Amino acid sequence: MYGNDNWINSYLDAILDAGKGAAGPGGGAGAAARVRGSGSGGGYGDRPSLLLRERGHFSPARYFVEEVITGYDETDLYKTWLRANAMRSPQEKNTRLENMTWRIWNLARKKKEFEKEEASRLSKRRLENEKQQNDGTADMSEDLFEGVKGEDAGDPAVAYGDSTTGNTPKISSFDKLYIVLISLHGLIRGENMELGRDSDTGGQVKYVVELAKALSSSPGVYRVDLLTRQILAPNFDRGYGEPDEMLASTSFKNLKYERGKNSGAHIIRIPFGPKDKHLAKENIWPFIQDFVDSALDHVVRMSKTIGEEIGSGCPVWPAVIHGHYASAGVAATLLSGALNVPMVFTGHFLGKDKLEGLLKQGRQTREQINMTYKIMRRIEAEELSLDASEIVIASTRQEIEEQWNLYDGFEVMLARKLRALVKRGANCYGRYMPRMVIIPPGVEFGHMIHDFDLYGDEDNPSLASEDPSIWFEIMRFFTNPRKPMILAIARPYAEKNITTLVKAFGECHPLRELANLTLIMGNREAISKMNKVSAAVLTSVLTLIDEYDLYGQVAYPKHHKHSEVPDIYRLAARTKGAFVNVAYFEQFGVTLIEAAMHGLPVIATKNGAPVEIHQVLDNGLLVDPHDQHSIADALYKMLSEKQFWSRCRENGLKNIHQFSWPEHCKNYLSRILTLGPRHPAFGNKEDQKVPVNCRKCIIVIAVDSVSKEDLVQIIRNSIEATRTGTLSGSTGFVLSTSLTIAEIRSLIKYTGMLPTDFDAFICNSGSDIYYPSQSSDVPSNSRVTFALDNNYRSHIEYRWGGEGLRKYLVKWASSVVERKGRTEKQIIFEDSEHSSTYCLAFRVVNPNHLPPLKELQKLMRIQSLRCHALYNHGATRLSVIPIHASRSQALRYLSIRWGIELPDAVVIVGETGDSDYEELFGGLHKTIILKGGFNTPANRIHTVRRYPLQDVVALDSSNIIGIEGFSSDDIRSAMQQLGIPTQ
C-alpha cells in the first residue's frame, strides 16, 4: 500500500480540484485542508479528522473508503477496493487501484457539472420569478396596495393570512362537526403501528392517527373519518383490509369541558388500485380519481347517516376535508370541489424542497429524480392544493418562509398585502392566497415520566423482572449498561444522517467512555430483504461500528413495537441520557417533543422545525448536522455537566404542555370555525324535468377536436347502440364538451335530433350544466328550453376572479405575439361571443405560436389568480374556468344529484382531445376510447404536462377499452366487454 501513496495523492489532488463536494461528506475546502495536513489540534469542534492521523500521517485508504466512496454511495467501488487490497501481485493491485481512482475522479467531475447546471438553472428561475412577481405587483391597479406598506408587518399571523381575532364562534357551541382527513400512503391502523416497516410508514402515519383520535375527543366534534387505502396484499396484516376500524378515543385529562355525544374516530379504508398489491406513495398517482369516486360515495352516505342521527334528517356535510401530503391534496381538492366544502392541506414533506436537496447532492439528474420519485407530479399536486385550500397548516415559520415560498402559488409579501386588503374590506380584484397557519404537532401525554423512572434503585441498577421486555432487548448489547444512553430514533435513510452520528460517537473517546449509543432504526428482518436505500445506510452503520470497534457500546435492535417506544424513552431518561436527532433537515420533530415529554434533554439539528421547538422548550442544544465534532461536543457537554442536564430536563417538562393534542385541536378547530360558509347544493330530483328516476346507465359523449360531421355520427351511433335490448329507455345521455350552449343548439339542429334526446349538457369545458325540457303540448323542436343548473354554479364559483381575472387575461393576451422580422402580430384575442359568467374565452389565430399552457398556469398562480386554463377546439380557443370546474367534476356532481352509481356511467372519448381530456379517463366509470375512423386535427394541446401520462392515468385499467372505428356495432361491443348489458 505504501508504495502507492504518491500516485494516489496525485489523484486526490485532481479530485479535490474538481470542486466543492467532490470529496464526499467531508466537504470541499475543509477536506482539502485536512488532506494537506493544514488542520490544527484542539477540542472536538476544531481538531482535524482522525482519519488523517492514523499512524501519525494521512491514510489514503481510509480517506477513499470513508470520505470519497461513501459520499457517492457506490458500493461497487468499495468492493473493488477490497479486492485490490487482497491482490498478491503489485502490478494487478496498482491496475485495480488506478481504475477505481479514475472512476471516482469521473464521478467528481460529473457532480461538478451537475452543480454548475443546477446553479445556472436556479439563478435563471429566480430571476424569472422575481420579474413575474414584480410584474404582477405592477399589473395591479395603483389603489390595490394603497396604504398597505408596513401594515401588520410585525405580526406573522397576519402576514401569512392567519388571524383568529374577531367574532370566532366558541367551540363548545357546536356539537355536530363532521371532519374528513385523507392520508393515502403507508400502513395505517390504530394500534401497534408498524412504524419503519417501509419508507411510507413513519411520522405522518402516527400523526394522522393521533390527530383523528384527538379531534374526535374534542368538544363540538361528532365524527372524524380518516380515509386511506385498503390493503389486501399478501404478507400484510388482515387488519389493513378492514373497511372500517374504530379508533380508541384519546383521554384528555384536566379539561374543563364535556365531549357530549360522539360517534368517534374511524379509519375508513377505500379500495383503489391493484387489489393484491401494496403501493408505494410514488405509484399511487394513477389511481387517485378511483379513490375520489369511492370516497365521495362514502362521504355522501355518511353525511346523510349523521343527519338522521343528529341533524333532524338534513345531511351533516363535512366541516372540512383535510388532505395530508401531495397525493391526498389532489384527492381533497377534488372531493371538496365536488361537495363544495372547505379544504385544508398539510404538505408534511414538500416536493420542491426534496428536489432541491437531491439536485444539490449531484448524484442524479432532474430526469432521473423525476423517474424515481415522480417529483414533478408531486410538485404540481402541491401547487393545485395551494389553489384549492382555504387553510394550509405548517408546523413552523421556516416551513412557510423557506419551503412554501418556493412555490408559484404562494409568496410571503403578496400574502401579507392581500391579507391587509381583506382586513380593510378592499377589493382584491380576484386575487386570493390561502391562509398559512402554524400549528405544531401534538403528542400524547399518556406516558409522562415519573420520578421513579428517573432515579430507580441506585444500589441495584440491574433490570427487574417486571421491567419492559424492550429494555432487556436493548441492554443486552452493552458491556456497561450503567452508562447514560444516547438515544436516536430514525428510519435508516441517508437524510436522517445516522452515519455521521456514529462517526461522532466513534471518534470521540471521552464520549465513548462516558455513554452508550442506542439506534432504533425501524424494524427489519434480513438486510438483504430491505430496500436498497435502507440496506445501504444500515450496512454503513454496521461497518462503522466494526471500524471503530464499538461492540458493547452501541445497541441496534432489529425489532420493536410502536407501543414500546415510550418505554425506550423512559429507559434513556432513567440512565440520565439524552435524545439526539441530527437529520440534515427535520420537517416536524415529533420525536423531539416526545423525548422532552419523557424528561430527556435533546441534541437536535439546527435545520428545520427543531429551531422553533427549541425556542419553546429550551431543553437542549442545536448543532450543525454536517459537523460531527460539534455533535460530539454537544453530547459530551450535555451528559458530563449534570446541572445543565437537569436544567434542560426541567425546562422540557415545564414547557411541553404547549405541544399537547388538546392545544393542537383547540388551535385547529378555532381556525376551522372561521371559514366562510360553503355547503353542497345538489337540489332535488323534482327540480329536474328529465326522467332521471328510471335511468340505469349514463352514456357521456366527450369526444373533442373532431369535425362536426364525425361528432354528429358518433352521437347518433352511441344512441343507436343502446336503443335496442335491455338498455332501451333506461339509458341517459349527456353531451360533455367545450362548446357553448348556443353552439350545442346549432349542433343538435344540424343532426336533426331533439335536445330532449339528451338528459343534460355539460358545456363550456365543465363550467355550466344545462337541462333540456319541452312542453308536452308543444312538439316543435324550436320550443325546447334549456334550464341552467344554478346549484352547480354555486359549487364552482369558489375564488373565481371574475372581472379582475378577465382584465388581466386581456392584457396578457396582447403580449402574446408572432414575430416575423421586425413586425409583431397578436395571436390571442378576447372572444366575448363564446364567454360566459364562469368561462372566459379567447380566440387563437395561430396555434403554432401558442405558449405552453403550463407557463400560463404558472403566471396565474404567481398573480394569485386561482383558475384552470385550457386549450380546446384543436388549440384554436383558450378557455379559463374556475378552479373547481371541469368536465369530470361535473359528472361527479350529476351522479350525486341523479343518484346514479359512477360504475354505471360510460364516457366515450377520442384518441386525443382538449387539454382536460386526460381527466376523463380516471375514476370508477367506464371509458371507451375511439382510436380510429375519423380525422383528428393536429394540435399542441398535450405539451402542457411536465410528467408522463402514466403518472395520471392507469391505462391498463379494466375500466378502459380502446376500439378502432365508431360504428354502433363497435360501440355496443365495447360496452358489452365493459360489462354494460346491451341486449
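Computed from a predicted model, the values in this text were never measured in an experiment.

## Things to note about the overall build of the protein chain
And then number 1: Tallying secondary structure elements over the protein chain gives 32 helices and 28 strands in all.
And then number 2: Across the 983 residues of the protein chain, 58% fall into the buried class.
And then number 3: When contacts within the protein chain are restricted to residue pairs at least 6 apart in sequence, those whose partners lie at least 24 apart make up 73%.
And then number 4: For the protein chain, the accessible area works out to roughly 40700 Å², and carbon and sulfur atoms hold 49% of it.

## Describing the packing of aromatic side chains
And then number 1: Going through the model one piece at a time under the given rule, you end up with twelve aromatic pairs.
And then number 2: Aromatic ring contacts, followed pair by pair, group Phe345, Trp404 and Tyr407 into a single cluster.
And then number 3: Here the basic side chain of Lys637 rests over the ring of Phe644, its NZ or CZ set 4.9 Å away from the ring centre.
And then number 4: Lying over the aromatic face of Tyr432, Arg799 brings its terminal NZ or CZ to 3.6 Å of the ring centre.

## Describing the nonpolar core
Taken as a class, soluble globular proteins show a tendency for nonpolar side chains to be buried jointly.
And then number 1: Ile182 and Phe291 are the most contacted members of the largest nonpolar core, which has 123 residues in total.
And then number 2: Setting aside its immediate chain neighbours within four residues, Phe291 contacts Ile182, Leu184, Leu227, Thr228, Ile270, Phe272 and Ala331.
And then number 3: Ranked by size, the runner-up nonpolar core spans 72 residues in total, among them Met485, Tyr548, Met597 and Ile603.

## As for the pattern of salt bridges
And then number 1: Within this structure, the stated rule accounts for 31 salt bridges.
And then number 2: Between Lys281 and Glu282 there is a salt bridge, with its nearest N and O atoms 3.7 Å apart. A single burial state applies to Lys281 and to Glu282, both of which are buried.
And then number 3: Glu824 is the salt-bridge partner of Arg819, the closest N and O atoms lying 3.1 Å from each other. For the residue pair Arg819 and Glu824, the accessibility class agrees, reading exposed in each case.
And then number 4: One network of salt bridges, in which partners are shared, links Arg189, Glu194, Arg197 and Asp237.

## Looking at the packing of helix α9 (residues 326-339) against helix α12 (residues 375-388)
And then number 1: α12 packs onto α9 with a crossing angle of 40 degrees between their chain directions and a minimal axis gap of 8 Å. Relative to α12, the element α9 is oriented oblique. α9 and α12 meet at a crossing whose hand is left-handed. Between α9 and α12, the residues in contact are Ala326, Gly329, Val330 and Thr333 and Arg377, Arg378, Ala381, Glu382, Leu384, Ser385 and Ala388, respectively.
And then number 2: When grouped by side-chain class, the residues that make up the contact of α9 with α12 number five nonpolar, three polar and three charged.

## Brief notes about the sheet that holds strand β11 (residues 554-555)
And then number 1: The sheet built from six strands is open, its strands ordered β11-β10-β9-β12-β13-β14 with parallel pairing. For this open sheet the edge positions go to β11 and β14 (620-623), each flanked by a neighbour on one side alone.
And then number 2: Looking at chain direction, strand β9 (residues 485-489) and strand β12 (residues 578-581) are connected through two bridges and run parallel. The partner of Ile486 across the bridge, within β12, is Ala578.
And then number 3: Sheet strands in contact with helix α23 (residues 628-640) are β9, β12, β13 (602-605) and β14, and its direction is about 175 degrees off that of β14.

## Quick look at unusual backbone geometry
And then number 1: Positive phi, close to 55 degrees, is recorded for Lys576, a residue that is not glycine.
And then number 2: One non-glycine residue, His873, lies in positive phi territory at about 55 degrees.
And then number 3: Within the element layout of this structure, His873 appears in the loop between β24 (867-872) and β25 (877-882).
And then number 4: A residue is classified by how much of its surface remains accessible, and His873, at 25% relative accessible area, is partly exposed.

## With respect to helix α8 (residues 288-310)
And then number 1: Taking 1.5 Å of rise per residue, the 23 residues of α8 would be expected to cover 33 Å, and the 32 Å separating its terminal C-alpha atoms lies within 8% of that figure.
And then number 2: Of all 23 residues making up α8, 17 are buried, and the element is well covered by its neighbours.
And then number 3: Within two residues after α8, Ser312 carries a phi angle of roughly 60 degrees, on the positive side.

## Description of empty space enclosed by the protein
And then number 1: The tally for this structure, following the rule as stated, stands at six cavities of 30 Å³ or more.
And then number 2: Computed from the structure, the largest cavity encloses a volume of approximately 100 Å³.
And then number 3: Lining the largest cavity we find 13 residues, and of these Ala488, Ala490, Lys496, Ile498 and Val580 sit closest to its centre.
And then number 4: Looking at the lining of the largest cavity, the elements with two or more residues in it are β9, α17 (498-507), β10 (516-520) and β12.
And then number 5: For the lining of the largest cavity, the per-class residue count stands at eleven nonpolar, one polar and one charged.
And then number 6: Looking at the second largest cavity, its volume works out to about 70 Å³.
And then number 7: Together, Pro286, Phe287, Asp290, Phe921, Gly922, Gly923, His925, Val953, Ala954, Ser957, Asn959 and Ile960 line the second largest cavity.
And then number 8: Grouping the amino acids of the lining of the second largest cavity by side-chain chemistry returns six nonpolar, five polar and one charged.

## Considering the packing of α23 against helix α24 (residues 642-655)
And then number 1: Running from N to C, α23 and α24 point in directions that differ by 90 degrees, and their axes come no closer than 5 Å. On the basis of their axis angle, the class for α23 and α24 is roughly perpendicular. Here α23 contributes Lys637, Met638, Leu639 and Ser640 to the contact with α24, which in turn contributes Lys642, Phe644, Trp645 and Cys648.

## What about the environment of Leu978?
And then number 1: Note that Leu978 resides in the segment after α32 (968-977).
And then number 2: Classification of Leu978 as buried rests on a relative accessible area of 8%.
And then number 3: Through-space distance from the C-alpha of Leu978 to that of Val906 is 9.0 Å; in sequence the pair is 72 residues apart.

## What to know about the sheet that holds strand β23 (residues 840-844)
And then number 1: An order of β22-β23-β25-β24 is seen for the four strands of this open sheet, with the pairing classed as antiparallel. Edge positions in the sheet fall to β22 (828-830) and β24, since each has one partner strand and no second. Taking each pair of neighbouring strands and ignoring which way they run, the sheet shows an average axis angle of 25 degrees.
And then number 2: Two strands pair when backbone bridges link them, and β22 and β23 are joined in this way by three bridges, in the antiparallel orientation. Paired with Phe829 across the two strands is Arg843, which belongs to β23.

## Examining the pairing of β13
And then number 1: Pairing of β12 with β13, which is carried by three bridges, proceeds in the parallel orientation. Across the sheet, residue Phe579 finds its bridge partner in β13, namely Val602.
And then number 2: This β-α-β element, β12 to helix α21 (residues 590-597) to β13, shows right-handed connectivity.
And then number 3: Each parallel crossover has a hand, and the one from β13 via helix α22 (residues 610-617) to β14 is right-handed.

## With respect to the environment of Pro440
And then number 1: Note on placement: Pro440 falls in the loop between β8 (435-438) and α15 (451-455).
And then number 2: Aside from chain neighbours lying at most four places away, what touches Pro440 is Ser395, Phe659 and His664.

## Looking at the confidence of the model for the protein chain
And then number 1: The predicted model of the protein chain has a mean per-residue pLDDT of 82, with 76% of residues at 70 or higher.
And then number 2: Counting interchain partners and residues more than four positions distant, the pLDDT-below-50 stretch residues 13-74 has 117 contacts.
And then number 3: Scored below 50 in pLDDT, residues 140-154 makes 27 contacts in the model with residues more than four places away or belonging to other chains.

## Quick notes on the environment of Gly962
And then number 1: If you trace the backbone, Gly962 turns up in strand β28 (residues 960-963).
And then number 2: Residue class for Gly962 comes out partly exposed when judged on its relative accessible area of 35%.
And then number 3: Placed 52 residues apart in sequence, Gly962 and Gly910 show a C-alpha to C-alpha distance of 9.4 Å.
And then number 4: Look past the residues within four positions of Gly962 in its chain and what remains in contact with it is Ile929 and Lys931.

## As for the side chain of Asn655
And then number 1: Mapped onto the secondary structure, Asn655 falls in helix α24.
And then number 2: Among the polar contacts listed, one links the side chain of Asn655 to the backbone oxygen of Leu617, at a separation of 3.3 Å.
And then number 3: Once residues within four sequence positions are removed from consideration, Asn655 is found in contact with Val616 and Leu617.

## What about the pairing of β23?
In regular strands, side chains alternate between the two faces of the sheet.
And then number 1: β23 sits mainly inside the fold: four of its five residues count as buried.
And then number 2: Alignment of β23 against β25, held across four bridges, turns out to be antiparallel. Bridge pairing in β25 links Phe842 to Leu878.

Analysis parameters
Residues numbered from 1 in each chain as written. Predicted model: local features only at pLDDT ≥ 70, side-chain atom pairs only at ≥ 80, totals over all residues. Heavy atoms only, no water. Helix = DSSP H or I, 4+ residues; strand = E, 2+ residues; numbered from the N terminus. Buried < 20%, exposed > 50% of the residue type's maximum accessible area, 1.4 Å probe, protein only. Contact = heavy atoms within 4.5 Å. Areas by Shrake-Rupley, 256 points an atom, 1.4 Å probe, with all protein chains shown as cover. Phe/Tyr/Trp six-rings, centres within 6.5 Å; stacked < 30°, edge-to-face > 60°. Lys NZ or Arg CZ within 6 Å of the ring centre and 35° of its normal. Core = buried A, V, L, I, M, F, W, Y, C linked by side-chain atoms within 4.5 Å. Salt bridge = Lys/Arg side-chain N within 4 Å of Asp/Glu carboxyl O. Axes fitted to C-alpha atoms, helices over the stretch in contact; angles between N-to-C directions. Parallel < 35°, antiparallel > 145°, perpendicular 65-115°, else oblique. Left-handed = near helix turned anticlockwise from the far one by under 90°. Nonpolar A, V, L, I, M, F, W, Y, C, P; charged D, E, K, R; others polar. Pairing = 2+ DSSP bridges. Expected span 1.5 Å × (residues − 1). 1 Å grid on protein atoms, 1.4 Å probe; cavity = no way out; pocket = protein on both sides within 12 Å on 5 of 7 lines; lining within 4 Å. Points joined across faces, edges and corners; volume = space filled by probe spheres on them. Right-handed = clockwise from strand over helix to strand, strands pointing away. pLDDT = per-residue confidence, 0-100. Polar contact = N/O pair within 3.5 Å; in protein donor to acceptor, adjacent residues only side chain to side chain.

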